[in-house]
Amino acid sequence: MKKKSLLAVAGIAILVACSTAKNSSESSAPKVEAMPTQGDVDRMQSKFPGMTLDELYQGKQLFESNCNLCHKLKKPSSEPESEWREIVPRMVKKVNNKEGHHIDEAGQEKILRYVITMGSVEKS
């Protein structure tokens, strides 16, 4: 009887430990914002003529993989367009000072278009 109780307690302890490890790794991962859609591209064509859905995806990927190097990701709706136009170039300079990281002007523009596009849809 004691063996069965001991095995049950050990099994529960293992499950709790695995669950805790999984939850802590999930909480440290960057939050993924909504995926851009063709509707987002169509809505922003007057502001960004020729923008493609692929470019928005690339902007999202650059945003998520670089902007969390120094701080938590901000929601695109957290700042108005005018602020993003100042923040993004400043932050790209900081990222480019980190060894092994470089965002070129085209990448900077993709990030900017992503946060402006997705920020405007979140506020609607």
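Remember, it's a predicted structure, so these values are computed and weren't measured experimentally.

Thresholds, definitions, all that
- Residues numbered from 1 in each chain as written.
- Predicted model: local features only at pLDDT ≥ 70, side-chain atom pairs only at ≥ 80, totals over all residues.
- Heavy atoms only, no water.
- Helix = DSSP H or I, 4+ residues; strand = E, 2+ residues; numbered from the N terminus.
- Contact = heavy atoms within 4.5 Å.
- Core = buried A, V, L, I, M, F, W, Y, C linked by side-chain atoms within 4.5 Å.
- Buried < 20%, exposed > 50% of the residue type's maximum accessible area, 1.4 Å probe, protein only.
- Salt bridge = Lys/Arg side-chain N within 4 Å of Asp/Glu carboxyl O.
- Expected span 1.5 Å × (residues − 1).

Peer 1: What is the right way to read the environment of Pro-89 from this model?
Peer 2: Within the secondary structure, Pro-89 sits in helix H4 (residues 81-96). Along the sequence, Pro-89 and Glu-109 sit 20 residues apart, while their C-alpha atoms lie 9.0 Å from each other. With near-sequence residues (within four places) excluded, Pro-89 lies in contact with Trp-84 and Gln-108.

Peer 1: What's the story with the nonpolar core in this structure? I'm lost.
Peer 2: Inside soluble globular proteins, nonpolar side chains tend to come together where they are buried. One finds Phe-63, Trp-84, Val-88, Ile-111, Tyr-114, Val-115 and Ile-116 to be the most contacted residues of the largest nonpolar core, which totals 21 residues. At the level of elements, helix H2 (38-44), helix H3 (53-66), H4 and helix H5 (105-123) are the ones that each hand at least two residues to this core. It is H5 that contributes the most residues to this core, six residues altogether. Contact partners of Ile-111, with chain neighbours within four places excluded, come to Gly-59, Leu-62, Phe-63, Val-88 and Ile-103.

Peer 1: Help me out: how do you make sense of the pattern of salt bridges in this one?
Peer 2: Note that side chains of opposite charge can pair when their charged atoms are close. Counting across every chain of the model gives six salt bridges. Via salt bridges that share partners, Lys-47, Glu-81 and Arg-85 belong to a single interconnected network.

Peer 1: Explain H4 to me, please; I cannot follow it from the model alone.
Peer 2: Residues separated by three or four positions in an α-helix point in the same direction, a consequence of the helix having 3.6 residues per turn. Relative to the 22 Å expected for 16 residues at 1.5 Å per residue, H4 spans 22 Å between its end C-alpha atoms, a close match to the ideal helical length. Along H4, the residues that are buried comprise Trp-84, Ile-87, Val-88, Val-92 and Val-95.

Peer 1: Just checking my understanding: could you explain the environment of Val-121 for this structure?
Peer 2: Checked against the element boundaries, Val-121 lands in helix H5. Taking the C-alpha atoms as reference, Val-121 lies 9.8 Å from Pro-36; in sequence the two are 85 residues apart. Residues within four places of Val-121 in sequence aside, it is in contact with Asp-40 and Arg-43.

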